[in-house]
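Structural overview
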Amino acid sequence: MTHDTTLPARRLDDADVRVLLLENIHADGRDFLRGKGYQVETQDGALGEDDLIEAIQGVHLLGIRSTTYITPKVLEHAPDLLAIGAFCIGTNQIDLAATSRAGIAVFNAPYSNTRSVVELAIAEIISLARRLHEKSTDMHRGVWNKSAAGSHEIRGRTLGIVGYGNIGSQLSVIAEALGLKVIFFDIDDKLALGNAKRCSTLEELLGEADVVTLHVDGRPGNAGFFGPEQFDAMKPRSLFLNLSRGIAVDTESLRGHLESGHIAGAALDVFPVEPKRQGDPFSSELQGIPNVILTPHVGGSTEEAQQDIGRFVASKLRSYASFGGTSLSVNFPEMNLPADPAKKRVAYVHENAPGVLARINTLLGEHEVNIEGQQLATRGELGYAVTDVATDVGPAVLAALAALPETIRVRQLS
């Protein structure tokens, strides 16, 4: 692992912590961090790379959602940044390898909006099966089209779930309760819930499902995952949903299959390119096609979900900034040494190499610093050590720790 050993050692008090929250993060997250004494600034929209570099100067904690991208260039210009909170499920908008090299912890909300996405999927399956979107559009145009043609119940139909993670598995349970037969495919070995049946291949699922819904992550290997070959393999007049990642679906191919009638309807909440700010223009090959529901990436956008996400991720950022805790971090080793207000804490991010803990302890002993509690954990090439001491270690000790060859970042917590 390569890293920047010129980063200054830090002692950071809560009143000194600066926070930048982008993309309309729920007010509960903002208020929680302000209540802990942090300096919090908010902005409504996402920021491009150059604007983010300018805005992030002097910022210790950054909160984003899905449209702000954290690149190596951004991180190179963010020497004060300690942690990033993704106030959403996915973290594909963050270069996790680069954040680890820079010693920046990343947190997300892997469960908080699961129910909201599941409910949207159920609503869209019913809407597509009943062609409600088309009928509503006709009514707004003054057309009374009272017909059962093309409208179907979902009871007894087969739902194929591609990706059986937190969302896919919860959708499985609710769909079965509504009378759907559930089949699923996942590249990992997942336990089937209820009466759901695991398919050994994606092709098996596509050949059986009346409705196919994608719930895959944003890893680069999923770009273009669902294209002409997969749409061809779907049952004639089946339905298609993508509430996962825009890059996963070839929308031009989907348009062709909708226009030919092979796919009877589709609902998409995510797109390969999405506007950065509220009110920005949007365009897609799928606009204007009958029985197609397009929504602006609102799968997790309910008041309940956003409130839960705001509180959850904000609490993780606070735990790391003030106490060094890394519970549920996406890229850091797990660390939860209980905080003692009577002690001082040194947080040390380093290369995972033999003998690091011994060198830390030798150095502290040479400076007559008594260790009262200590924990070390590793994750891949990254190591993280938390050491509790009785008194301030002082700038000389922090500087000495920073000078160790394995050091990525070191700071004393108040």
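Summarised in this report is the structure supplied together with it. (Residues numbered from 1 in each chain as written. Predicted model: local features only at pLDDT ≥ 70, side-chain atom pairs only at ≥ 80, totals over all residues. Heavy atoms only, no water.)

**Looking at the overall build of the protein**
For clarity, the cut-off: Helix numbers and strand numbers start at the N terminus; a helix is a DSSP run of H or I with at least 4 residues, a strand a run of E with at least 2. With a 1.4 Å probe rolled over the protein chains alone, any residue whose accessible area is under 20% of its type maximum counts as buried; one over 50% counts as exposed, and the rest are partly exposed. The contact rule is simple, with two residues in contact once any of their heavy atoms fall within 4.5 Å. In short, Shrake-Rupley with a 1.4 Å probe defines the accessible areas, and a residue's cover is counted only from the protein chains shown. For the purpose of charge, His is not counted, nor are the chain termini; Lys and Arg are scored as positive and Asp and Glu as negative. Every charge is mapped to an atom, namely NZ of Lys, CZ of Arg, CG of Asp or CD of Glu.
Scanning the protein for helices and strands turns up 13 helices and 17 strands. A buried classification covers 50% of the 414 residues belonging to the protein. Contacts spanning at least 24 positions in sequence make up 65% of the contacts within the protein whose residues lie at least 6 apart. When the accessible surface of the protein is totalled, it reaches about 18,300 Å², and 51% of it is carbon and sulfur. Side-chain charges in the protein split into 38 positive and 52 negative, and the spacing between the mean points of these groups amounts to 5 Å.

**A closer look at the sheet that holds strand 2 (residues 18–21)**
Condition: When DSSP finds two or more bridges between a pair of strands, those strands are recorded as paired. Note on definitions: angles span 0 to 180 degrees between N-to-C directions of axes, and those axes are lines fitted to C-alpha atoms, for helices only across the stretch in contact.
If you walk across this open sheet you meet the five strands as 3-2-4-5-6, and the pairing is parallel. Edge strands, defined here as strands with exactly one partner in the open sheet, are strand 3 (39–42) and strand 6 (105–107). Mean inter-strand twist for the sheet, computed between neighbouring axes without regard to direction, equals 15°. Note: strand 4 (residues 61–64) against strand 5 (residues 83–86), four bridges, orientation parallel. What sits directly across from leucine 62, in strand 5, is isoleucine 84.

**Points about the packing of aromatic side chains**
Aromatic ring pairs are reported here in terms of the distance separating the ring centres and the angle at which the planes meet. Stated precisely, the cut-off is as follows: Stacked, edge-to-face and tilted labels apply to pairs of Phe, Tyr and Trp rings (six-membered ring for Trp) whose centres lie within 6.5 Å, assigned for plane angles under 30 degrees, over 60, and everything in between, in that order. Only when the NZ of Lys or the CZ of Arg is both within 6 Å of the ring centre and within 35 degrees of the ring normal is a charge said to sit over the ring.
Scanning all chains against the criterion turns up 10 aromatic pairs. Look at phenylalanine 107 and tyrosine 320: their rings are 6.2 Å apart centre to centre, the planes differ by 50°, and that puts the pair in the tilted class. Taken together, the residues span a long stretch of sequence, with phenylalanine 107 in strand 6 and tyrosine 320 in helix 11 (residues 303–323) at a distance of 213 residues. Note on phenylalanine 226 and phenylalanine 240: the rings are 5.0 Å apart at their centroids and 35° apart in plane angle, and the pair reads as tilted. Of this pair, phenylalanine 226 sits in the loop between strand 10 (211–214) and helix 9 (228–233) while phenylalanine 240 sits in strand 11 (residues 238–242), and the two are 14 residues apart along the sequence. The ring of tyrosine 320 carries arginine 411 above its face, with NZ or CZ at 4.7 Å from the centroid.

**Things to note about unusual backbone geometry**
Most peptide bonds adopt trans geometry, and most residues besides glycine take a negative phi value. Even without being glycine, arginine 131 reaches a positive phi, approximately 55°. Take arginine 131: it is sitting in the loop between helix 5 (114–130) and helix 6 (132–140). Of note, asparagine 291 is a non-glycine position whose phi angle comes to about 55°, a positive value.

**With respect to helix 12 (residues 356–366)**
Rules: Throughout, the arc means the angular range of directions from the helix axis out to the C-beta atoms.
Within the span of helix 12, buried status applies to Val356, Ile360, Leu363 and Leu364. Seen along its axis, helix 12 keeps its buried residues to an arc of 100°; they face one direction. Packing partners of the buried residues in helix 12 comprise strand 14 (344–351), strand 15 (371–379), strand 16 (382–389) and helix 13 (394–402). One or two positions beyond helix 12, positive phi appears at glutamate 368, with a value near 60°.

**Side note on the packing of helix 1 (residues 27–35) against helix 11**
Put simply, the rule is: Each angle receives one of four descriptions, namely roughly parallel if under 35 degrees, roughly antiparallel if over 145, roughly perpendicular if within 65 to 115, and oblique otherwise. For any helix crossing, the convention is left-handed if the near helix is rotated counterclockwise from the far helix by under a right angle, and right-handed if that rotation is clockwise. For this classification, the nonpolar set comprises Ala, Val, Leu, Ile, Met, Phe, Trp, Tyr, Cys and Pro, the charged set comprises Asp, Glu, Lys and Arg, and every other residue, Gly included, is treated as polar.
It is the contact of helix 1 with helix 11, at a shortest axis distance of 7 Å, that shows an interaxial angle of 30°. It follows that helix 1 is roughly parallel to helix 11 by the angle criterion. The two elements helix 1 and helix 11 meet at a crossing, and its hand is right-handed. Residues Asp28, Gly29, Phe32 and Leu33 of helix 1 form the contact with helix 11, whose own contacting residues are Gln307, Gly310, Arg311, Ala314, Ser315 and Arg318. Considered class by class, the residues forming the contact of helix 1 with helix 11 number three nonpolar, four polar and three charged.

**Structural notes on the nonpolar core**
A general trend in soluble globular proteins is that nonpolar side chains are found buried together. Filter applied, for reference: By nonpolar core we mean a set of buried residues, namely Ala, Val, Leu, Ile, Met, Phe, Trp, Tyr and Cys, connected to one another through side-chain atoms within 4.5 Å.
Within the largest apolar cluster, 31 residues are counted, with the highest numbers of intra-cluster contacts made by Val19, Tyr38, Leu61 and Tyr320. Of all the secondary-structure elements, those providing two or more residues to this core are strand 2, strand 6, helix 11, strand 14, strand 16 and strand 17 (407–413). With six residues, helix 11 is the single largest residue contributor to this core. Discounting chain neighbours no more than four positions away, the residues touching tyrosine 38 are Asp14, Val17, Val19, Leu33, Leu61, Arg318, Ala321 and Ser322. Counting 27 residues, the second largest nonpolar core, distinct from the first, contains Leu159, Val182, Val211 and Leu241.

**Concerning the pairing of strand 12 (residues 263–268)**
Note the threshold: If you view a crossover with the strands going away from you and the path from the first strand over the helix to the second runs clockwise, you call it right-handed.
Among the six residues of strand 12, six are classified as buried, and the element is accordingly described as predominantly covered. Alignment of strand 11 against strand 12, held across five bridges, turns out to be parallel. What sits directly across from leucine 241, in strand 12, is alanine 267. As for the winding sense of the linkage, the β-α-β connection from strand 11 through helix 10 (residues 251–260) to strand 12 is right-handed.

**Considerations on the pairing of strand 16**
Each regular strand displays side chains that alternate between the two surfaces of the sheet. Of all eight residues that make up strand 16, eight are buried, and the element is covered over most of its length. Along strand 16, one buried face is formed by Leu382, Tyr384, Val386 and Asp388 and the opposite face, lined by Gly383, Ala385, Thr387 and Val389, is buried too. In this structure, strand 15 lies alongside strand 16, joined through eight bridges in antiparallel fashion. Across the sheet, threonine 378 pairs through a bridge with glycine 383, a residue of strand 16. With antiparallel pairing between neighbouring strands as the criterion, strand 15 and strand 16 make up a hairpin whose turn holds two residues, including glycine 380 at a positive phi of roughly 65°.

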